[in-house]
Amino acid sequence: MNIVSLFYLAFVVAVALVYFIAPRRIRWGILLGASLVIYLYCGRRMIVWLLLTSLSIYVGGLLIDRRQKRYLGQLEAGGELDKNSKRALKKKNERDKRCYAALVAAVNIAIWVTFKFADVFIETLNRCFSADLSFVHMALPLGISFYTLQAISYVIDLTRGKCEVQTNYFKLLLWLCFFPQILQGPICRYRETAHQLYEPHDFDYRRVKFGMQRMLWGFFKKLVIADRVVSVSDKVFGYSAKYQGVIFIIGALAYTIQIYADFSGGMDIISGTAEILGITMPLNFERPYFSRSIAEYWRRWHITLGTWFRDYVFYPLSISRASQVLSKHCRKLFGPGIGKMIPTYLAMVLVWLLNGIWHGAGAQFVVFGMYQGILIVLGMQLEPVFQWIIDRFRIRTDCFSWRLWQRVRTLALIMGGRIIFKAKGLSEAGRIFRSIFTTHNWWALTDGTIFKLGLDAWELFVLFVAVLVLLTVSILQEKGVHIRETIERQNLLFRWGLVIGAVVAVVLFGVYGINLDLTGFVYAGF
Amino acid sequence: MSIKIKRAAGAIVFFMLLFATLAWVQEVVTPDFDWPEHNRRSLKSIRSAFNEPKGSIDAVFFGTSQTFCSISPMTMYDIAGVRAYNLASTNQRIPVAYHLLSAILHDQSPKLVVVDASGFFYTEKEMQSAAKYEEMVNSLPWSRIREKWTLMTEIAKLQDRENDWKYILSSVISLLRYHTNYRLTQRDNVEMYLKDLYQRKGYVATFDTVPVEKENYKIVKAMLDPNDDYASDDDRKEKLTDSIAANEPYLLNMQQLCREHGAQLVFMKVPVCTTTEHRGYWSFNKHEMTEALAEKMGVKFFDMCYEDIGLDWFRDSSDSGEHVNYRGTKKITARVLKWLQEEFGLSSEHNETWDRQWSYQSQVFAEEMEYLNLELEYDLVKYLERVREGDYVLFTIVSNGLGKYWSDEAQQAFEETTGTKFDLREKKNAAYVSVSSQGRIIEERNGKNACSIKVDLENGLNCKLSSKKTKSRSAGSIVIDGKRYDSPGQGVHFVVYDNKLGCIVDSVCFNTASKAVTAQQNTEYKEDMRLKIIEYVHGQMKGI
Amino acid sequence: MDELLSILKGICPKVDFVNEKKLIDDGILDSFDIISIVNELNEHYDIEIDVDDLEPDNFNTVEAMLELIEKLRNE
């Protein structure tokens, strides 16, 4: 289902109306109903998998909770136990709980892996054993990459005592498949959104207004910017044999803009929808292109995915017992400085490997992940070197130009990653990089080639203005300005004029229509 | 409580304002006025039919582009006070005409519904082509939403897309379909939208003269001849029979509609002179089949391809025979009117309000046609005479030599018009440029092989004229204010600037190297010119 | 306290541990810093800071960290 469609708008309006009119007790049920309707409409029979996952975490949750209660009961019953037995009981409890969690997680990951990597697996089999199995081309259940992670986070959080068990299956199902987030995330934590979903919310003029404004902003980003600039990135990367050098930089820039506008625009629509219904979604983007280092970038881009990997892969790995043991050995082998960091780096590499794989089943995605990881590691290791350079040459770092340099540098590295991601394959990506560095065709910027990359002069102009608007808003937000509240404080003419103008701009300049090719969301196929 | 009500009221007002704005934007971007060059039907002029006072229309016309070029209702009004409307559109299919008729009959009660047979021979498959229908849907005003929706769903059904509600919705809400027109919009559509163009009553005027080629003329004559082999050889006969049979049910429906509203259905065929190269050709077979259908339905049929109405296919056609220019329109319109009056007693009620509007519009129409008329003149001597008569500045260059056919009369006319002292037939004047106005030379130069001048006129124009006697495309140029206005070709080039209007009104090249001394026009400047004319005319008319 | 401070300073010399009250919430310490700190504390105090303990509340201030250390020691 396309989020930027009249259908979705109409749906949201309908759901909101029913929700606010319904008796408070059953409001969460309305949300569940709406979510299931959407899922059936878009995912059809694939809903089976969603139900399976939700059932698995429901049952798993109950088991974990029961085990925990048994442990607490043991403590109480045991009375004055000594420290060691207490520790033993605690350890056993932890271990059992973790077993349940691991089982649930494994089942769900297996399902996810099967769907995502079936064809890759078959291809590998074919190649290794010269077999000739045909591909299955399995369609992924809607939102599986998102809800699987979300489901796993529930059981693990439960294990860690970070959240309460949910005894009502349907409530748990709602949390898992809440319709705005099922399509492209964000990946929510149970303690963040669950209670919001279950509590009835009333119609609040201000909140609904803000939600709608946010949705409008998302529509603008997606329809006017993302769907427009996609022509350029698709052309450059799709017909890459025709192009060289600086054109690839243009293409990478286009794709960088596209993927941000697309994804964050979608997030705005999703968050706006949730906001109308009274639920605050976690932030997923925080102006990532203003980052001054790759590490910072990943704290601002697809935030919920990053924190998921951090909390459920990185932290457990890097402060585990095994890691500490490894650390000791490494320190002996490589010296204290770097030795200490090696297990952390390894954990990180794994995280990035998984991150890459999560995005796609293919070597280039693995490389994409590794690329990010290596850059971060390099960044950290080379920090003293950079510092030395700064000190030696007395470069000023507390000034705008330095920060600008950091941002430009980071953006260039990010664009490099985008090339890996978008190119048709690894060899293709390699060719593109080679071309960028060896072909110097700067004249292509001025001889009119840029008007033949899928957008003509007029469209480029519209795009330019729209990106300028986006940039301005982002800069304001970076400086801490709350856009919607600022607008609220202005006078009527300005407010209404701005919103009406924005709607007209989206309707007029949006890339849609019977004759046009609507591209689905970039992240929707995950 | 009161703040809730205030907010609710505020929200309602806001949304009303929002939809009003979107509706306005929709009006602006929906294709508005057409230029013949764009070959798109003026949706607005069909839409304007719905703005005519209720019950004021005496006759309506349906048909294809041939029809909307041939029948000028305002001319009918000038002759006989009859108020008609031309609802023809490009490649109009009969089913579309049917819906349009049904929509217009809601508010009008014409006595005659004239359908041009040009559209009777679309095949079943062609009738399913969406594009024309969609234009029609847009041309229906919002007051006729029922017809809009019906038409659209029928079209969808024809294409097996009845469940494609997205398709239907976006066709009805034209904003969704045409929003990308912000690119084209700019001046044209916005200006046209704001200006009154109802005075043309659905007629699309062209002023080009492109004669029919002699061989084609002969072929067409043969096609129309019942005794010629063409009639029996025509292997399209079967296809034609099928086509007209496919159209029959819709025509019957139209007849039924007419009966219900007290109108009479009538068929006609406007003159056309093309070979089978163009699908709009006419032949004896088509004539016969249409006659048969007309008889079957008890409907009168007037085929002007078989009438002598004084049409000169070498002067009256704008594109070698398929469409006529304004000169041809006048003749055809007069003839059709005569037939309608004689056969059916077509006349008009007197009504002060209606007549006041129509006579005002008639004056505007006359003025417009007046200004646009210069383009029609294709005879060299007559052309020079006309230039002499107006308040013009004439730019002349000779490009690649004059050739053999610069006659004595032409030289004399040229001398009188420009006041030149050079005889262009002399070899030493093989290259020639001049700027003249009102019979006096402002500046001129001659040369054996090449010459040029640069002039800054009193009215503010900066012009550069050059002339060369070489066999190349750049054998001369007329550049005014940085823009090039001459037409391609060998011979003498004229560019005419109208001082009153303040714009170029014609650019033509007379090929004096060919015996026929054909005229070739440069049409690039035309849009600018037309806008200016309309602005000027309306400015003049404001006081009336 | 001073012991703790010197350990922390050793890992992140640029951070003002004494005065900052939102080390995690304001992003002053990033995930690597935390890992390094946790590993270091685990080793130094012979405790087992677990993933479960990685709550912002436990690391936002030096005082909170001290509390955590004490709690784990006593278990």
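Small disclaimer: the values here were computed from a predicted structure and weren't measured.

Definitions and limits used
Within each chain, residue numbers correspond to sequence positions counted from 1 in written order. As a convention, the first chain written is A and the first ligand written is 1, with the rest following in written order. The predicted nature of this model means local features are confined to residues of pLDDT at least 70 and side-chain atom pairs, given and counted, to a pLDDT of 80 or more, with totals for whole chains, interfaces and linings taken over all residues. The secondary structure listing takes helices from DSSP runs of H or I that are at least 4 residues long and strands from runs of E that are at least 2 residues long, numbered from the N terminus. For every residue, the other C-beta atoms within 10 Å of its own C-beta are counted; 20 or more classify it as buried, 12 or fewer as exposed, and values in between as partly exposed. C-beta atoms are placed from the backbone. We call two residues in contact when their backbone-placed C-beta atoms lie within 7 Å. In this analysis, strands are considered paired if DSSP registers two or more bridges between them. Comment: axis = line fitted to C-alpha atoms, over the contacting stretch for helices; angle = value between 0 and 180 degrees taken between N-to-C directions. What sets the label is the angle itself: under 35 degrees gives roughly parallel, over 145 gives roughly antiparallel, 65 to 115 gives roughly perpendicular, and the rest give oblique. Note on convention: the crossing is left-handed when the near helix lies turned anticlockwise from the far helix by less than a right angle, right-handed when the turn is clockwise. Residues are sorted three ways: Asp, Glu, Lys and Arg are charged, Ala, Val, Leu, Ile, Met, Phe, Trp, Tyr, Cys and Pro are nonpolar, and all the rest, Gly among them, are polar.

S.K.: Just give me the short version of the overall build of chain B, but keep the residues and values in it.
M.R.: Along the backbone of chain B there are 19 helices and 15 strands. Within chain B, the proportion of its 544 residues that are buried is 45%. Taking as baseline every contact in chain B between residues at least 6 positions apart, the subset at least 24 positions apart corresponds to 70%.

S.K.: Talk me through the sheet that holds strand β4 (residues 264–269) of chain B; I want residue IDs and the actual numbers.
M.R.: All names here are of chain B. The strand order across the open sheet built from five strands is β2-β1-β3-β4-β5, with neighbouring strands paired in parallel fashion. Across the chains shown, the open sheet's two edge strands, defined by having one partner strand only, are β2 (84–86) and β5 (301–303). Pairs of neighbouring strands in the sheet enclose a mean axial angle of 20 degrees, with direction left out of account. Of the strand pairs in this sheet, strand β1 (residues 59–62) and β2 are connected by three bridges, and their pairing is parallel. Its bridge partner being in β2, Val60 is matched across the sheet by Tyr85. Across the sheet, helix α14 (residues 284–297) lies against β4 and β5, angled at about 165 degrees from β5, the strand it touches most.

S.K.: Help me get a handle on the pairing of strand β7 (residues 431–437) of chain B, residues and values and all.
M.R.: Residues and elements named next belong to chain B. For β7, the buried fraction is high: seven of the seven residues fall into the buried class. Here β7 shows two buried faces, one formed by Ala431, Val433, Val435 and Ser437 and the other by Tyr432, Ser434 and Ser436. Two strands pair when backbone bridges link them, and β7 and strand β8 (residues 440–447) are joined in this way by seven bridges, in the antiparallel orientation. Bridging across to β8, Ser437 finds its partner in Arg440. Counting the residues in the hairpin turn of β7 and β8 gives two residues, including Gln438, whose phi is positive at 50 degrees.

S.K.: Which residues make up the sheet that holds strand β13 (residues 491–498) of chain B, and what are the values?
M.R.: Residue and element names in this part refer to chain B. Taken together, six strands build an open sheet; the order of strands is β8-β7-β6-β13-β14-β15 and the sheet is antiparallel. Edge strands, defined here as strands with exactly one partner in the open sheet, are β8 and β15 (519–521). Neighbouring strand axes in the sheet, compared pairwise and without regard to direction, differ in orientation by 15 degrees on average. Sheet strands in contact with helix α18 (residues 408–418) are β6 (392–399), β7 and β8, and its direction is about 140 degrees off that of β6.

S.K.: Describe the packing of helix α9 (residues 205–238) of chain A against helix α21 (residues 492–509) of chain A, naming the residues involved and giving the relevant values.
M.R.: Residues and elements named next belong to chain A. At their nearest, the axes of α9 and α21 sit 9 Å apart, and the two run at 25 degrees to each other. With respect to α21, the axis of α9 lies roughly parallel. At the point where α9 passes α21, the crossing takes the left-handed sense. For the pair α9 and α21, the contacting residues are Leu216, Phe219, Phe220, Leu223 and Val224 in the first and Ala502, Val503, Ala505, Val506 and Phe509 in the second. Grouping the constituent residues of the contact of α9 with α21 by class yields ten nonpolar, no polar and no charged.

S.K.: Which residues make up the interface of chain A and chain C, and what are the values?
M.R.: With 13 residues of chain A at the interface, the matching set in chain C holds eleven residues. Secondary structure elements with two or more residues in the side of chain A that touches chain C: α12 (303–318) and α13 (321–334) of chain A. Among the elements that make up the side of chain A that touches chain C, the one with the highest residue count is α12(A) (five residues). Its residues assigned to classes, the side of chain A that touches chain C shows six nonpolar, five polar and two charged.

S.K.: Can you explain the packing of α9(A) against helix α10 (residues 246–276) of chain A? Please cite residues and give values.
M.R.: When two helices pack together, their arrangement is given by the angle between their axes and by how far apart the axes lie. All names here are of chain A. Interhelical geometry of α9 versus α10 gives an angle of 155 degrees and a closest axis separation of 6 Å. The orientation of α9 with respect to α10, classified from their angle, is roughly antiparallel. The two elements α9 and α10 meet at a crossing, and its hand is left-handed. Taken together, the residues of the contact of α9 with α10 sort by class into 22 nonpolar, eleven polar and seven charged.

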